[in-house]
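Listed below are the residues making up each chain.
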Amino acid sequence: MVTVDLNFADLEYFLLILVRVSMFIYVVPFFSLNAVPRRYRVVLSVVVSVVLYGVVPAQEVVYDTVYDYALLVAKELITGALIGMGVNLCASILALTGTIADMEVGFSMVTLMDPSTRQQTTITSTLYRNLIMLILVISGMYEYIIWALADSYELIPVYGAKFDAAKLLDVAIRFMSRYVLVGFQICLPIFAAILMLNAVLGILAKVAPQMNMFAVGLQLKIFVGLGVIFLTLFLLPTAADMIFDEARRMTVAFVEALM
């Protein structure tokens, strides 16, 4: 017969762990997709919290009123969300990459409903997201996500996060700069090909002004854009490595900003 002793203080401490874990899983890719049933996310949050409860050194939860404990819960909620935002950088990069590529090719007006996010997305954005997310799953990024959450308790104890506005602002600025830079680097082949095509069409418009360059250019942009996307598919593993590295750097940056 197994006997488990659990007092009220242990329950309070476990709930604080559960709040951070649940918010983290709600934010990060893979687990936060709408295709993942909510009951699975709840079960995963509880299982991970139970494991961490047995590993993380126990601390006494000190508070005077219920409102103080609510502030501790809110603190853990924000901590889990901020740590998860670093990992969520990969999904944001893919959305930006697809948007820029579709604007250059001429698919910006063509949108579809992404069942995983339940949002209107462009064709190229959905293609890149599905392919690179598959590569990241194969490469074991989901394991890194769980380990990053577990390691965060060594650097940021339960209700031990320090919200420094200057550090968080610096990390947010770096987040936006890397988000734009990496997204543009991934779609750079398409951007360069369309730029060269626009230069050629501009020359042809001067040489043969009787030609309808709008009709010709629209078809050529679609043909060249799809061709470049097809020819650069072999570069997706390299793009996935870039996104993985940036996600790790940003996760570390958010954790350091909360220490």
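A short tour of the structure in this document, coming up. Every value quoted in this text rests on a predicted model; they were computed, and no experiment measured them.

Attention shifts here to the packing of aromatic side chains. Counting across every chain of the model gives three aromatic pairs. Ring geometry for Phe14 and Tyr53: centres 5.9 Å apart, planes at 85°, overall edge-to-face. Remark: Tyr53 occurs in helix α2 (residues 38-55) and Phe14 occurs in helix α1 (residues 8-27); sequence separation between them is 39 residues. Take Tyr53: its relative accessible area is 27%, and that puts it in the partly exposed class. Ring centres of Phe184 and Phe191 lie 5.2 Å apart, and the angle between their planes is 65°; this geometry places the pair in the edge-to-face category.

A full pass over the atoms with the stated rule returns three salt bridges. Where Arg20 meets Glu76, a salt bridge forms, and the shortest distance between an N and an O atom there is 2.8 Å. You can see Arg20 sitting in helix α1 and its partner Glu76 sitting in helix α3 (residues 66-87), a full 56 residues away along the chain. By relative accessible area, which is 0% here, Arg20 ends up buried.

What follows is about helix α8 (residues 188-207). Spanning 20 residues, α8 covers 29 Å between terminal C-alpha atoms, matching the ideal 28 Å at 1.5 Å per step. Within the span of α8, buried status applies to Ile190, Ala193, Ile194, Leu197 and Leu201. Mapping the buried residues of α8 onto a view down its axis gives an arc of 95°, with all of them on the same face. Turned more than 90 degrees off the buried face of α8, the exposed positions are Leu195, Met196, Ile203, Lys206 and Val207.

Closest axis-to-axis distance for the helix α7 (residues 165-186)/helix α10 (residues 236-257) pair is 10 Å, and the angle between their directions is 175°. Overall, the two elements α7 and α10 adopt an arrangement that is roughly antiparallel. Where α7 approaches α10, its residues Lys167, Leu168, Val171, Arg174, Phe175, Arg178, Val182, Gln185 and Ile186 are matched on the opposing element by Ala239, Met242, Ile243, Glu246, Met250, Ala253, Phe254 and Ala257. Residue composition of the contact of α7 with α10, grouped by class: 12 nonpolar, one polar and four charged.

This part covers the nonpolar core. Val21, Ile132, Leu136, Met141, Tyr153, Ile190 and Ile243 are the most contacted members of the largest nonpolar core, which totals 63 residues. Among the elements that take part in this core, α10 stands out by supplying 11 residues, more than any other. Excluding residues within four positions of it along the chain, Val21 makes contact with Ser45, Val48, Ser49, Leu52, Leu149 and Tyr153.

Rules of the game
- Residues numbered from 1 in each chain as written.
- Predicted model: local features only at pLDDT ≥ 70, side-chain atom pairs only at ≥ 80, totals over all residues.
- Heavy atoms only, no water.
- Phe/Tyr/Trp six-rings, centres within 6.5 Å; stacked < 30°, edge-to-face > 60°.
- Helix = DSSP H or I, 4+ residues; strand = E, 2+ residues; numbered from the N terminus.
- Buried < 20%, exposed > 50% of the residue type's maximum accessible area, 1.4 Å probe, protein only.
- Salt bridge = Lys/Arg side-chain N within 4 Å of Asp/Glu carboxyl O.
- Expected span 1.5 Å × (residues − 1).
- Arc of directions from axis to C-beta.
- Axes fitted to C-alpha atoms, helices over the stretch in contact; angles between N-to-C directions.
- Parallel < 35°, antiparallel > 145°, perpendicular 65-115°, else oblique.
- Contact = heavy atoms within 4.5 Å.
- Nonpolar A, V, L, I, M, F, W, Y, C, P; charged D, E, K, R; others polar.
- Core = buried A, V, L, I, M, F, W, Y, C linked by side-chain atoms within 4.5 Å.

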